[in-house]
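Structural features, examined
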Amino acid sequence: MKSVVVFGATGSIGDSTLDIIASHPDRYKVYALSAFSRVEKLVGLTAKFLPAVVIVPTQEAKEEFIRLNNTGVFPEIRVGQDGLCKTAQDEQADIVVCAIVGAAGLASAYAAAKAGKTILLANKEVLVTAGELFMNAVRAHGATLLPLDSEHNAIFQCLPSQNPKQHLEKIIVTASGGPFRQFSVDALEHVTPEQACKHPNWSMGRKISVDSATMLNKGLEVIEAKWLFDLSPEQIEVVIHPQSIIHSMVQFIDGSLLAQLGHHDMRIPISYSLAYPERITHNAAKFDLSALSQLDFMPPDLTRYPCLRLAFEAMKEGIGACTVLNASNEIAVQGFLDGQIKFTQIAQTIESMLSKIQAPTLSSIDEVLVFDQEVRAKTQDYLAS
Ligand code: NDP
Ligand code: MG
């Protein structure tokens, strides 16, 4: 029986993870769950999964949880980043699922790495902002890192477990192209948050849905892949594959390509990582190859997707530029979702912040977190002006 912590339990990845856990009460029990704004949903999850610990962001949220909790279950309630980090390091936690969105998940994921936990990482922003530091902590403390992001999970499934880089030529990360793949570039100026959040294949949280529409998500995934699999930028290629059936591919020096296929349902990669190295069943629909008419592939057009170009440039510059990329994007996406800026201004904002902010050398997580806040403040000022 494995004891599981789910950070970001009230989100989309949280839903899929808990759905699998509910199907396997003989294998998994929930040790802790965290929420941010959806305290009422956390109360419902508490009644269903009986966690020993819940984590909420503030003292007010704690009081709200106590007020709403009519379940007869009384978990310990922890608060804020300290509550998340303490829980990540608790002896009772075997598996830590990192599914908070954005750099807000960095400190707790890092705490889990330092405690040598098995980490199931959805929160790609952790690797984007602190890839080298995080991977060093994983190695130094003997943590096990398993990717939940479907592309990285696919690559992980295709690479040999021994000497994964031996004979590897490159990885090919697939991208759907998002909801605006066939819009004219001019029309992108007028698209709405509702349109951007309506992904053609995947059902996800709002921030990652907008990132998929700009393809910054693919850029973050390229950086994520670099750190996870220790690759050079030249070893990572992006290809548009609108059907999202092949989740990514690995090409070897002899010209062989291995791919992982499946429905676009996050329960597939999550179940793989939860049970690794075994496999378990879950509620996602079974894949019917005969229902497929065709699989298309095309290179991404960087004038339509400037965010992808910016991510490649930031990756080549280093960790500080990646933090600028990520933090300015988080603020710009929120600005777009709040109606403050246009869709096309997301890329413009990131590009402007990358050129304005001189990234310092960042040699600790604390320095990354301070710099991340600085970039956020500067991006807010930029948008306000
Ligand atoms: P959601 O927006 O659906 O969920 C985000 C979760 O994080 C919620 O539980 C939310 O709490 C919590 N949260 C939000 N802000 C904070 C904060 N400041 N501090 C602590 N917790 C916070 O996002 P997704 O589940 O879609 O994505 C989660 C992560 O997984 C992202 O990094 C995303 O890129 C990655 N990912 C997601 C995929 C997907 O299919 N959804 C696929 C691959 C990767 P609350 O809801 O209570 O406010
Ligand atoms: Mg992905």
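None of the values given here were measured: they were computed from a predicted structure.

**Things to note about the site of ligand 1**
Near ligand 1 lie 23 residues; those nearest to it are Thr10, Phe36, Ser37, Arg38 and Glu125. At a separation of 2.8 Å, an oxygen atom of ligand 1 approaches a polar backbone atom of phenylalanine 36. Within the side chain of arginine 38, a nitrogen or oxygen atom sits 2.6 Å from an oxygen atom of ligand 1. Computed on the free molecule, ligand 1 has an accessible area of 900 Å², of which 89% lies beneath the protein chains in the complex. Broken down by class, the residue content of the shell around ligand 1 amounts to 12 nonpolar, seven polar and four charged.

**A word on the pairing of strand E3 (residues 53–56)**
Burial of the side chains of E3 extends over both faces: Val53 and Ile55 are buried on one face and Val54 and Val56 on the other. As paired strands, strand E2 (residues 28–34) and E3 are joined by three bridges and run parallel to one another. Along E3, the bridge assignment pairs serine 34 with isoleucine 55. Each parallel crossover has a hand, and the one from E2 via helix H2 (residues 39–49) to E3 is right-handed. Of the pairings in the sheet, the one linking E3 to strand E4 (residues 76–79) comprises four bridges and is parallel in character.

**Concerning the UniProt feature "domain: 1-deoxy-D-xylulose 5-phosphate reductoisomerase C-terminal" (unreviewed entry) in the chain**
Within this structure's numbering, the places UniProt gives as "domain: 1-deoxy-D-xylulose 5-phosphate reductoisomerase C-terminal" (unreviewed entry) are residues 145–229. This span, residues 145–229, is 42% helix and 13% strand, and a straight line between its end C-alpha atoms measures 11 Å.

Definitions and cut-offs
- Residues numbered from 1 in each chain as written.
- Chains lettered and ligands numbered in written order.
- Predicted model: local features only at pLDDT ≥ 70, side-chain atom pairs only at ≥ 80, totals over all residues.
- Heavy atoms only, no water.
- Near = heavy atom within 4 Å.
- Polar contact = N/O pair within 3.5 Å; in protein donor to acceptor, adjacent residues only side chain to side chain.
- Areas by Shrake-Rupley, 256 points an atom, 1.4 Å probe, with all protein chains shown as cover.
- Nonpolar A, V, L, I, M, F, W, Y, C, P; charged D, E, K, R; others polar.
- Buried < 20%, exposed > 50% of the residue type's maximum accessible area, 1.4 Å probe, protein only.
- Helix = DSSP H or I, 4+ residues; strand = E, 2+ residues; numbered from the N terminus.
- Pairing = 2+ DSSP bridges.
- Right-handed = clockwise from strand over helix to strand, strands pointing away.
- UniProt positions renumbered as here; feature names shortened; annotations may be inferred.

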